[in-house]
Amino acid sequence: MFDDPTLLLSPASTMRPRRTRRTAALRQFVRETHLSPSQFIHPLFIIEGSGIEKPIETMPGHSQRTVDRLAAEVAELRGLGVRSVLLFGIPAHKDARGTGAAAADGPVPRAIAELKRLAPELLVIADVCLCEYTSHGHCGIIHDESGVVDNDETLPLLGEAAVAYAAAGADIVAPSAMMDGQVRAIREALDAHGHADTPILSYAAKHASAFYGPFRGAAESAPSFGDRRAYQMDAANTREALREVELDVAEGADLLMVKPAGSALDIIRQVRDRFPHPLVAYQVSGEYAMLKAAAQRGWLDEPRAALEALVAIRRAGADQVITYYAKEAARWLSTQG
Ligand code: PBG
């Protein structure tokens, strides 16, 4: 791009980048990255029972809700142009093996069926993990007090959960447990049960991040001991993230995800440059909570700050963004110039 240095030195070429910033019309004209509600994925937390909508304290504007409380939410999303949702289930009963994750009448399969009834065109993504369903809050099976999550014994359980969600009508399943080989195991399970057409969105590079804090309250999935560093990635590593992505691609991932987003923009960019797959980034609960908390104190202009954070994630290379700001951002985009 800058291969002719004389251009920069020539007095005749006094470049004035401000020329294209002078008016809103010019700024809009030269904008390189665009945000649209159709690029936002809205997370939903489903609980068992009926008639309950329980606000999540650490994530203002979000609630845990029962399946019969989805209609208004779906109507709102449709009105705003948000076309996809990501489902998390919180079961009434948890056990050591997280068996609830694969229950056909669990919160996620029931929510999928209801969403498909309410809005067949809505794209429904089901998160596949055990942490919301295990009594200890880890993402897989644990045998003893050592606390080690047994990778290979966890794989079939993830496969069963994915099959249950595909059978209920999920458009995409999204494994987030960070078990080695989970994409292959899920692909094989789906194919063996007649769901060869269900795509896998792999949480391919997922850091063991402090920014998941508010989510764990929302999904009631905080580990009761230890942490997830023995299976989720160290946030300091980029090359390892690319290897994780490469492996998931080899195992059959159809779409890729990087998570968190705001603290991994470099990884989003590198994945974008190396892999042609559709790329999703997850602006996680802590990223949302930081902006919300500062905005509530009047320390930030919330619409501007939130849209700036979102456009940065898109600029880094994400096609789609999972964001707790989906509804608000869609609203702000329709009112801003
Ligand atoms: C489940 C899962 C988590 C998130 C998405 N899927 C929690 C975790 O890994 O501890 C975090 C999402 C967020 O913070 O918004 N494994």
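Just above sits the structure.
These notes cover the structure that comes with them. (Residues numbered from 1 in each chain as written. Predicted model: local features only at pLDDT ≥ 70, side-chain atom pairs only at ≥ 80, totals over all residues. Heavy atoms only, no water.)

### Focus on empty space enclosed by the protein
One water molecule sets the probe size; rolling that probe over the atoms shows where empty space is left.
Phase 1 of the analysis: Inspection of every chain in the model, using the stated rule, returns 2 cavities of 30 Å³ or more.
Phase 2 of the analysis: In this model, the largest cavity occupies a volume close to 150 Å³.
Phase 3 of the analysis: What lines the largest cavity is a set of 19 residues, among which Cys131, Lys206, Tyr212, Phe215 and Lys259 lie closest to the centre.
Phase 4 of the analysis: Counting residues per element, the ones that place at least two in the lining of the largest cavity are strand E9 (201–206) and helix H7 (213–218).
Phase 5 of the analysis: Of the voids in this model, the second largest cavity is the one considered here, and its volume is about 30 Å³. (1 Å grid on protein atoms, 1.4 Å probe; cavity = no way out; pocket = protein on both sides within 12 Å on 5 of 7 lines; lining within 4 Å. Points joined across faces, edges and corners; volume = space filled by probe spheres on them. Helix = DSSP H or I, 4+ residues; strand = E, 2+ residues; numbered from the N terminus.)

### What to know about the site of the ligand
Phase 1 of the analysis: Around the ligand sit 18 residues, and of these Lys206, Arg216, Lys259, Ser285 and Tyr324 come closest.
Phase 2 of the analysis: Separating an oxygen atom of the ligand from a side-chain N or O atom of Gln232 is a distance of 2.8 Å.
Phase 3 of the analysis: Relative to its free-state accessible area of 400 Å², the ligand is covered by the protein chains to the extent of 100%.
Phase 4 of the analysis: Secondary structure elements with two or more residues in the shell around the ligand: E9 and H7. (Near = heavy atom within 4 Å. Polar contact = N/O pair within 3.5 Å; in protein donor to acceptor, adjacent residues only side chain to side chain. Areas by Shrake-Rupley, 256 points an atom, 1.4 Å probe, with all protein chains shown as cover.)

### Some words on the packing of helix H3 (residues 71–80) against helix H12 (residues 326–335)
Phase 1 of the analysis: Running from N to C, H3 and H12 point in directions that differ by 35°, and their axes come no closer than 10 Å. Crossing angle aside, the handedness with which H3 passes H12 is left-handed. Residues Glu73, Glu76, Leu77 and Leu80 of H3 form the contact with H12, whose own contacting residues are Lys327, Ala330 and Arg331.
Phase 2 of the analysis: Classifying every residue of the contact of H3 with H12 by side-chain character gives 3 nonpolar, no polar and 4 charged. (Axes fitted to C-alpha atoms, helices over the stretch in contact; angles between N-to-C directions. Left-handed = near helix turned anticlockwise from the far one by under 90°. Contact = heavy atoms within 4.5 Å. Nonpolar A, V, L, I, M, F, W, Y, C, P; charged D, E, K, R; others polar.)

### A closer look at a positive patch on the surface
Phase 1 of the analysis: A grouping of Arg16, Arg18, Arg19 and Arg21 is seen on the molecular surface, where their side chains present a positively charged patch.
Phase 2 of the analysis: Assignment of secondary structure puts Arg19 in the loop between helix H1 (5–9) and helix H2 (24–29). (Patch = residues over 30% accessible without salt bridge, like charges linked within 9 Å, V, L, I, M, F, W, Y side chains within 5 Å. Salt bridge = Lys/Arg side-chain N within 4 Å of Asp/Glu carboxyl O. Lys, Arg positive; Asp, Glu negative; His and termini not counted. Charge placed at Lys NZ, Arg CZ, Asp CG, Glu CD.)

### A closer look at unusual backbone geometry
Phase 1 of the analysis: A cis amide bond links Lys259 to the next residue, Pro260, at an omega of -10°.
Phase 2 of the analysis: Mapped onto the elements of the fold, Pro260 is located in the loop between strand E10 (255–259) and helix H9 (265–274).
Phase 3 of the analysis: A positive phi angle, close to 60°, is found at Met178, a residue other than glycine.
Phase 4 of the analysis: Assignment of secondary structure puts Met178 in the loop between strand E8 (172–175) and helix H6 (182–192).
Phase 5 of the analysis: Judged by relative accessible area, Met178 falls into the buried class, the value being 7%.
Phase 6 of the analysis: Even without being a glycine, Glu220 presents a positive backbone phi close to 50°.
Phase 7 of the analysis: If you trace the backbone, Glu220 turns up in the loop between H7 and helix H8 (239–251). (Buried < 20%, exposed > 50% of the residue type's maximum accessible area, 1.4 Å probe, protein only.)

### Things to note about the environment of Thr198
Phase 1 of the analysis: For Thr198, the position within the fold is in the loop between H6 and E9.
Phase 2 of the analysis: By relative accessible area, which is 9% here, Thr198 ends up buried.
Phase 3 of the analysis: Along the primary structure Thr198 and Ala170 are separated by 28 residues, whereas in three dimensions their C-alpha atoms are 7.9 Å apart.

### Thoughts on the layout of surface pockets
Phase 1 of the analysis: One number sums up the size of the second largest pocket: a volume of about 360 Å³.
Phase 2 of the analysis: Every residue lining the second largest pocket is counted, 20 residues in all, and those nearest its centre are Met178, Asp180, Ala230, Tyr231 and Gln232.
Phase 3 of the analysis: Counting residues per element, the lining of the second largest pocket draws most heavily on H8, at 4 residues.
Phase 4 of the analysis: Class assignment of the residues belonging to the lining of the second largest pocket gives a composition of 9 nonpolar, 6 polar and 5 charged.

### With respect to H9
Every α-helix winds through 3.6 residues per turn, so residues three or four apart in the chain are directed the same way.
Phase 1 of the analysis: Along H9, the residues classified as buried are Ile267, Ile268 and Val271. Looking down the long axis of H9, one finds its buried residues gathered within 105° of arc, a one-sided arrangement.
Phase 2 of the analysis: Summarising the contacts, the buried residues of H9 are in contact with E9, H8, E10, strand E11 (279–283) and helix H11 (302–316). (Arc of directions from axis to C-beta.)

Function cannot be inferred from these measures alone, as they are strictly geometric.
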